[in-house]
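Single-letter residue listing:
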Amino acid sequence: MMSHLGPLRCGAWAALLRQPLRPPRALCIRAAGCHSQVAQAVLTSQLKPHEEKPNFIIKVPKGTRDFSPHQMVVREKILEKIISCFKRHGARGLDTPAFELTEMLTEKYEDTFGLMYDLKDQGGELLSLRYDLTVPFARYLAMNKLKKMKRYQVGKVWRRESPALVQGRYREFCQCDFDIAGEFDPMIPDAECLKIMCEILSGLQLGDFLIKVNDRRVVDGMFAVCGVPEDKFRTICTSMDKLDKMPWEDVRHEMVAKKGLAPEVADRIGEYVQCHGGISLVEKLSKDPRLSQSQLALQGLGDLKLLFEYLTLFGIAEKISFDLSLARGLDYYTGVIYEAVLLQSPGWAGKEALNVGSVAAGGRYDGLVAQFDPKGHNVPCVGLSIGVERIFCLVEQKMKASGEKVRTIETQVFVATPQRNFLRERLKIITELWDAGIKAEMLYKNNPKLLTQLLYCEKTDIPLMVIIGEQEQKEGVIKLRSVASREEVTINRESLVAEIQKRLSES
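Residues numbered from 1 in each chain as written. Predicted model: local features only at pLDDT ≥ 70, side-chain atom pairs only at ≥ 80, totals over all residues. Heavy atoms only, no water.

Caption draft 1: Spotlight on the overall build of the protein chain. For the protein chain, the helix and strand inventory stands at 17 helices and 18 strands. Within the protein chain, the proportion of its 507 residues that are buried is 44%. Contacts in the protein chain between residues at least 24 apart in sequence constitute 69% of all its contacts with a sequence separation of at least 6. Carbon and sulfur atoms make up 53% of the accessible area of the protein chain, which totals about 28,100 Å². (Helix = DSSP H or I, 4+ residues; strand = E, 2+ residues; numbered from the N terminus. Buried < 20%, exposed > 50% of the residue type's maximum accessible area, 1.4 Å probe, protein only. Contact = heavy atoms within 4.5 Å. Areas by Shrake-Rupley, 256 points an atom, 1.4 Å probe, with all protein chains shown as cover.)

What follows is the structure, encoded as structure tokens:
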């Protein structure tokens, strides 16, 4: 039996009930080793919740943010696409502690250890929040004596730097890492990492992008033939890493004025860092009179030539640019390095495009695991990291501009009643649905109004509604309502689960 319900008419919404928070009946304070006055102060503040607190502002810490249910839906979809790509390439999941021994981290980051968050000593160990997911992975390999592993990891990291929230730069942010550890033939794992980058960025539909590629051996060789003192390699590399944010003139000034590099040496570096191209540039630099004097640089250029051959076979060579300005400031990189940037950060509906910088990066770090191993056993590694926060900022801007709606719940069926004293029947029905794996909800009231239930379904875009009342109970039937079309069908009570599963599979 089919019927059609016309548009619902309702009065004004009832005012929301607001109940004041109640202080706890009892407050137990464990203050072992604490002065009694401190405990008393804590107790007093807890027992006076309505007392005004001067200069107290409720906010999140600088460089962090909350994510609303709406935003979490978007983030979870982004993460799902990234993780599915990692799994498609055979990676296994891994998780490591949010903090590590400070000594382990400071030795591996050197120039950036001042950006780490140190934890106050509570148990005889000096600890710091992890700066990235790469060093913990290397520690894990060494600690467990693993020689091969293809893993992915998703987790938060912390960096004490100046945040730029509009550009997706935070002090607390999420990283999605993929790494291949083990001794393999040259450039095959490296090429796969670049292929994964392309798959993810293409799948997220962020617009056209380019992946810059270089090699730390080429960088070090370039520094050597240009006349950079060896003890300044790392600090000059850190300056060069800023070329994606600063013009060459400003980077040159930092090298010369702040780091004591000779002006003519900086000018020689400037001649190289403006070069970018494809495999033809690799071949050209291999014959460069100055750069070819460095065996280290020639090794890097040889591997880059092989890399471009594999990238051509993967069908992604046109997305890759050999760029001598790319340095990647982290000290543990030893070979190929890469960084993905959007060619033009998309703006939508008149919105100004966001300048988010790189959206993915990575490289080869062949010596990091050996630094953790007591016997110095080495495990070559290469990997990549996806900048989730920056990607999220772009996707969020796109959705706002297009007016795209996002459901914050996944409920498929709502169990309702138009009459009083049907709580037990609703509980029985919703239990059947849950047990069948169907996502279902009901209002937590003994006697909810039908209009309230209908409006909730329409507001949250729940597709189906189960309605049970006295007449349906007597006849052994139940009403199944399509919320969008407002059409109802009466079905046998025993067929409820099967009918819902059929409709959900067809939608």
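Caption draft 2: Representation of the UniProt feature "binding site: L-histidine" (unreviewed entry) in the protein chain. The feature "binding site: L-histidine" (unreviewed entry), as given by UniProt, occupies Asp132, Leu133, Thr134, Arg159, Gln175, Asp179, Arg328, Tyr332 and Tyr333 in the numbering adopted here. For glutamine 175, the location among the structural elements is in strand E7 (residues 172-181). Not counting chain neighbours up to four residues away, the residues in contact with glutamine 175 comprise Asp132, Leu133, Gln153, Val154, Gly155, Val157, Arg159, Ser385 and Ile386. Considering the arrangement of structural elements, one finds tyrosine 332 in the loop between strand E10 (320-323) and strand E11 (336-342). Looking at tyrosine 332, the relative accessible area reads 5%, which means it is buried. At 2.6 Å, the side chain of tyrosine 332 forms a polar contact with the side chain of aspartate 132. (UniProt positions renumbered as here; feature names shortened; annotations may be inferred. Polar contact = N/O pair within 3.5 Å; in protein donor to acceptor, adjacent residues only side chain to side chain.)

Caption draft 3: Representation of helix H9 (residues 263-273) in the model. The set of residues buried in H9 consists of Val265, Ala266, Ile269, Gly270, Tyr272 and Val273. Buried residues of H9, seen end-on, are gathered within an arc of 160° and therefore sit on one face of the element. (Arc of directions from axis to C-beta.)

Caption draft 4: Spatial organisation of the side chain of histidine 89. In this fold, histidine 89 is placed in the loop between helix H2 (69-88) and strand E2 (92-93). Histidine 89 gets classed as buried once you look at its relative accessible area, which sits at 14%. Here the side chain of histidine 89 touches glutamate 199 through a polar contact of 3.0 Å, side chain to side chain. Setting aside residues no more than four positions away along its own chain, histidine 89 makes contact with Lys150, Phe178, Glu192, Lys195, Ile196 and Glu199.

Caption draft 5: Broad picture of empty space enclosed by the protein. Inspection of the entire model under this criterion finds 2 cavities of 30 Å³ or more. Empty space within the second largest cavity amounts to approximately 30 Å³. The wall of the second largest cavity is formed by His70, Gln71, Val74, Phe392, Glu396 and Met399. For the lining of the second largest cavity, the elements supplying multiple residues, two or more each, are H2 and helix H13 (388-402). Class assignment of the residues belonging to the lining of the second largest cavity gives a composition of 3 nonpolar, 2 polar and 1 charged. (1 Å grid on protein atoms, 1.4 Å probe; cavity = no way out; pocket = protein on both sides within 12 Å on 5 of 7 lines; lining within 4 Å. Points joined across faces, edges and corners; volume = space filled by probe spheres on them. Nonpolar A, V, L, I, M, F, W, Y, C, P; charged D, E, K, R; others polar.)

Caption draft 6: Region of interest: the pattern of salt bridges. Scanning all chains against the criterion turns up 26 salt bridges. Residues joined by salt bridges that share partners form a network here, namely Arg88, Lys195 and Glu199. (Salt bridge = Lys/Arg side-chain N within 4 Å of Asp/Glu carboxyl O.)

Caption draft 7: Expanded view of the environment of cysteine 174. Within the secondary structure, cysteine 174 sits in strand E7. For the pair formed by cysteine 174 and aspartate 132, sequence separation is 42 residues and the distance between their alpha carbons is 9.4 Å. Cysteine 174 has contacts with Arg75, Leu79, Val154, Gly155, Lys156, Ile386, Val388 and Glu389, leaving out every residue within four places of it along the chain.

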